[in-house]
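Results of the structural survey
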Amino acid sequence: MFKRFLPFIVLVVGNSALADDCPNAETAKIGFALERQGTVAEVRPASDQFVHVVNSYPGGKKQDVIYYRGLFEISRSDETAHVINVPLSDIRSIFPLDAKSRRAITFARAQQNKVGTPISLELTVAGQEKLQLGSCSYTVLLVRHRYLNGDGRVMSEHTDFYSPDLSFVLAKRYDEKGGRESMVKYERIKPLGRSSPL
């Protein structure tokens, strides 16, 4: 009779262990790692409002990125370039986000001794859904980004799959020609400080 219940016990313990390996709102304060096709992103809070990400690429290249609350990119740097998005409006107005949020901010892109013309960014929350990363599942907000130049012409558009629990974008969806869409998504996630492989 004991043997009959053993597989059930192992299954419960196994699922519990898998759940413990999924970063959540609490453990995200320590940091977590994301992986996609050999690229690893180590995500750590830099303060209450900012997130620091170190991207490590298969060829050995590293890149540092600072985000405002994991959504708006402030700076991106590597051994060849350093780009800063200089806010011209209050980026704190982006949050809080809910299922019907609409926001707009203005910024200028700067690198070395050059500053570009102002860019308007319209943010619209188009809904929410569940996103699966390996064995981990997260509720994400679909945040539509629409970039416009000074003449009001649309420069680019995409949708971020933003996790409020992790305060980070876990996937991006792009509109392609002919009405098609393409998606770039992390494949795996784990808490930082774990010795087990991704």
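F32, L34, V53, Y138, F168, L170 and I189 are the most contacted members of the largest nonpolar core, which totals 23 residues. Top element by residues in this core is strand β10 (residues 136-148). It accounts for 4 residues. Judged by nonpolar contacts, the second largest core, of 19 residues, contains Y68, I94, L97 and L141.

Moving on to the state of the cysteines. The full count for this structure, using the stated rule, is 1 disulfide. Residue C22 pairs covalently with C136 via a disulfide, S to S 2.1 Å. In this structure the cystine formed by C22 and C136 twists about its S-S bond by roughly -90°; its chirality is therefore left-handed. Of this pair, C22 sits in the loop between α1 (2-20) and β1 (32-36) while C136 sits in strand β10; the two residues are 114 residues apart in sequence, bridging distant segments of the chain. Judged by relative accessible area, C22 falls into the buried class, the value being 13%.

On to the pattern of salt bridges, then. With the rule as written, the count across this model stands at 13 salt bridges. Residue R188 pairs with E35 through a salt bridge whose shortest N-O separation is 3.3 Å. Taken as a pair, R188 in strand β14 (residues 188-191) and E35 in strand β1 lie far apart in primary sequence, 153 residues in all. Of the residues examined, E35 reaches a relative accessible area of 14% and is grouped as buried. Between D160 and K172 there is a salt bridge, with its nearest N and O atoms 2.8 Å apart. Remark: K172 occurs in strand β12 (residues 168-175) and D160 occurs in strand β11 (residues 154-163); sequence separation between them is 12 residues.

Residues I84, V86 and L88 make up a contiguous nonpolar surface patch of roughly 230 Å² in combined accessible area. Summarising the element assignment, V86 is placed in strand β6 (residues 82-87). Owing to a relative accessible area of 35%, V86 belongs among the partly exposed residues under this scheme.

Both the distance between ring centres and the angle between the ring planes are used here to describe each pair of aromatic rings. A complete count under the given rule lists 7 aromatic pairs for this structure. Seen from their ring centres, F95 and Y162 are 6.0 Å apart, and the 50° between their planes marks the pair as tilted. Of the two residues, F95 sits in the loop between β6 and β7 (102-111) while Y162 sits in strand β11, which places them 67 residues apart along the sequence. Owing to a relative accessible area of 11%, F95 belongs among the buried residues under this scheme. Feature note: the residues F50, Y68, F95 and Y162 constitute an aromatic cluster, connected by ring pairs. We note R69 situated over the ring of F95; from NZ or CZ to the ring centre the distance is 4.1 Å.

For the rest of this paragraph, the subject is the confidence of the model for the chain. Scored by pLDDT, the chain comes out at a mean of 89, with 87% of its residues at no less than 70. Within the model, pLDDT remains below 50 along residues 1-18, and this stretch shows 1 contact once partners closer than five positions in the same chain are excluded.

Looking at the element boundaries, T27 is found in the loop between α1 and β1. Accessibility expressed as a relative area gives 29% for T27, which makes it partly exposed. Considered as a pair, T27 and L192 are 165 residues apart in the sequence and their alpha carbons are 9.0 Å apart.

Calculation rules
- Residues numbered from 1 in each chain as written.
- Predicted model: local features only at pLDDT ≥ 70, side-chain atom pairs only at ≥ 80, totals over all residues.
- Heavy atoms only, no water.
- Core = buried A, V, L, I, M, F, W, Y, C linked by side-chain atoms within 4.5 Å.
- Buried < 20%, exposed > 50% of the residue type's maximum accessible area, 1.4 Å probe, protein only.
- Helix = DSSP H or I, 4+ residues; strand = E, 2+ residues; numbered from the N terminus.
- Disulfide = S-S within 2.5 Å.
- Salt bridge = Lys/Arg side-chain N within 4 Å of Asp/Glu carboxyl O.
- Patch = residues over 30% accessible without salt bridge, like charges linked within 9 Å, V, L, I, M, F, W, Y side chains within 5 Å.
- Areas by Shrake-Rupley, 256 points an atom, 1.4 Å probe, with all protein chains shown as cover.
- Phe/Tyr/Trp six-rings, centres within 6.5 Å; stacked < 30°, edge-to-face > 60°.
- Lys NZ or Arg CZ within 6 Å of the ring centre and 35° of its normal.
- pLDDT = per-residue confidence, 0-100.
- Contact = heavy atoms within 4.5 Å.

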